[in-house]
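Given next are the chains, with one letter for each unit.
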Amino acid sequence: MANEVRIITLLGNKGDPVEYTIAAGAVIPKNSIMKISASPQTAALATTDGDLIAGISSCESKATDTFTKMALITHCVAEVYATAATGSMVLGEPVKITGANTVAPADDDTVEKKGEVLGRANETVAAGASGEVLINLGG
Amino acid sequence: MANEATITTLLGKYGNPVEYTVADGTAIPKGSLMVMDSSPQTAKISAAAGDFFVGIANSEKKANDGKTKMAVITKCIAEITTKGGGSAVLGAPVHIDGVNLVDVATDDTCAGATLVVAQSLETLGASVKGAMFVNV
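These numbers were taken from a predicted model, which means no experiment stands behind them.

Each value, and the rule that gives it
Residues numbered from 1 in each chain as written. Chains lettered and ligands numbered in written order. Predicted model: local features only at pLDDT ≥ 70, side-chain atom pairs only at ≥ 80, totals over all residues. Contact = placed C-beta atoms within 7 Å. Helix = DSSP H or I, 4+ residues; strand = E, 2+ residues; numbered from the N terminus. Nonpolar A, V, L, I, M, F, W, Y, C, P; charged D, E, K, R; others polar. Core = buried A, V, L, I, M, F, W, Y, C linked by C-beta atoms within 7 Å. Buried ≥ 20, exposed ≤ 12 C-beta atoms within 10 Å, placed from the backbone. Domains from an automatic or database assignment. Pairing = 2+ DSSP bridges.

Colleague: Honestly, the interface of chain B and chain A in this entry has me stumped. Any pointers?
Modeller: Often, the extent of an interface is quoted as the loss of accessible area on bringing the components together. If you look at the interface, chain B gives 27 residues, while chain A gives 18 residues. No other element matches the 5 residues that strand β11 (residues 129-135) of chain B contributes to the side of chain B that touches chain A. Per-class residue counts for the side of chain B that touches chain A are 14 nonpolar, 9 polar and 4 charged.

This is how it looks when you write it as structure tokens:
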């Protein structure tokens, strides 16, 4: 994987980690953007537009690992990459996943789609560049 | 009362409690889903669709016990019950639709966002309890 986020500031109580189930042996680099993948409370790597964000992986999972629980950071400021060529970030506006660990402006103007929003951009950046995003998931 | 929420994980600082005024004459079981009642900053137990959710009652209040303030938990994972005929969809928001009950939120406006109780962490049918991520 590439373009993992870099957490700059943990907010809330140490980033308000929430425990999710993951597949045993799933390859998940630390600081990957994770999606809600199955019921109940199961997460996997976020990869495409429309994924519902669960949080940022707080540790690494290797193919040979057998653990099936992982804490995901849900409240922090992080450096996140805008999708190459097609992505960007606009100061103050929400961003969503459009590729693995990369984001673009969120364009889904409904309450139902708010789960796709990773966070609010704290700076304006061009495609392929990284910028700060305020992440505060849930609710 | 029935169907009170069960908090399983406090997030933020002890669940980020916020103090609201409540009516002395009203009994409020711990775990009740609380909504805006009146101005300023007064809360009551949820009742129907359209209620503005404020948090989960952090303690029990008996009727006429003299208390007029209550802390409500605003950030946590909680087990919350769907209404009869209602449901919850994995990752989608839910809103109040009955006393301590929720259903899929369908309010496509910025104002409608304040009706949201939580993001469901499970897909649920009618009248069952499931994990939900509350962040008011």
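Colleague: Explain the nonpolar core to me, please; I cannot follow it from the model alone.
Modeller: Nonpolar side chains tend toward joint burial in soluble globular proteins. In this structure, M34(B), I56(B) and V117(B) are the most contacted members of the largest nonpolar core, which totals 74 residues. Here I56(B) is in contact with A5(B), I7(B), G31(B), L33(B), M34(B), V72(B), I73(B), C76(B), A78(B) and V134(B), once residues within four sequence places are set aside.

Colleague: Can you walk me through the domain arrangement of chain A in this structure?
Modeller: Residue and element names in this part refer to chain A. Taken domain by domain, chain A holds domain 1 (13-74) and domain 2 (76-136). Computed from C-alpha atoms alone, the centre-to-centre distance between domain 1 and domain 2 is 19 Å. Split by residue class, the side of domain 1 that touches domain 2 holds 7 nonpolar, 5 polar and 2 charged.

Colleague: It is not clear to me how the pairing of strand β8 (residues 93-96) of chain B should be interpreted in this structure. Could you clarify?
Modeller: Strand residues, when the strand is regular, have side chains that alternate between the two faces of the sheet. Residues and elements named next belong to chain B. Where β8 and strand β10 (residues 116-120) come together, 3 bridges link them in antiparallel fashion. Within β10, the position partnered with V94 by the bridge is A118. As paired elements, β8 and strand β9 (residues 101-104) share 3 bridges and run antiparallel to each other. Residue pairing across strands places H95 opposite D103, the latter belonging to β9. What sits between the antiparallel neighbours β8 and β9 is a turn of 4 residues, in which G98 has the positive phi angle 130°.

Colleague: How should unusual backbone geometry be read in this particular structure?
Modeller: Note on backbone geometry: most residues besides glycine have negative phi, and most peptide bonds are trans. Omega for the bond connecting S39(A) with P40(A) falls within 30 degrees of zero, at -5°, which places this linkage in the cis form. Following the sequence through the fold, P40(A) ends up in the loop between β3 (33-38) and β4 (42-45). Residue P40(B) is bonded to the preceding S39(B) through a cis peptide linkage, with omega at 0°. Position of P40(B) among the secondary structure elements: in the loop between β3 (33-38) and β4 (42-45). The phi torsion at S127(B) lies on the positive side, around 60°, for a residue other than glycine. Relative to the helices and strands, S127(B) is located in the loop between β10 and β11.

Colleague: Can you walk me through the domain arrangement of chain B in this structure?
Modeller: Residue and element names in this part refer to chain B. What the domain assignment reports for chain B is domain 1 (14-73) and domain 2 (76-135). The straight-line distance from the C-alpha centre of domain 1 to that of domain 2 is 18 Å. Taken together, the contact pairs 15 residues of domain 1 with 13 residues of domain 2. Elements supplying a minimum of two residues to the side of domain 1 that touches domain 2: β3 and β5 (53-57).

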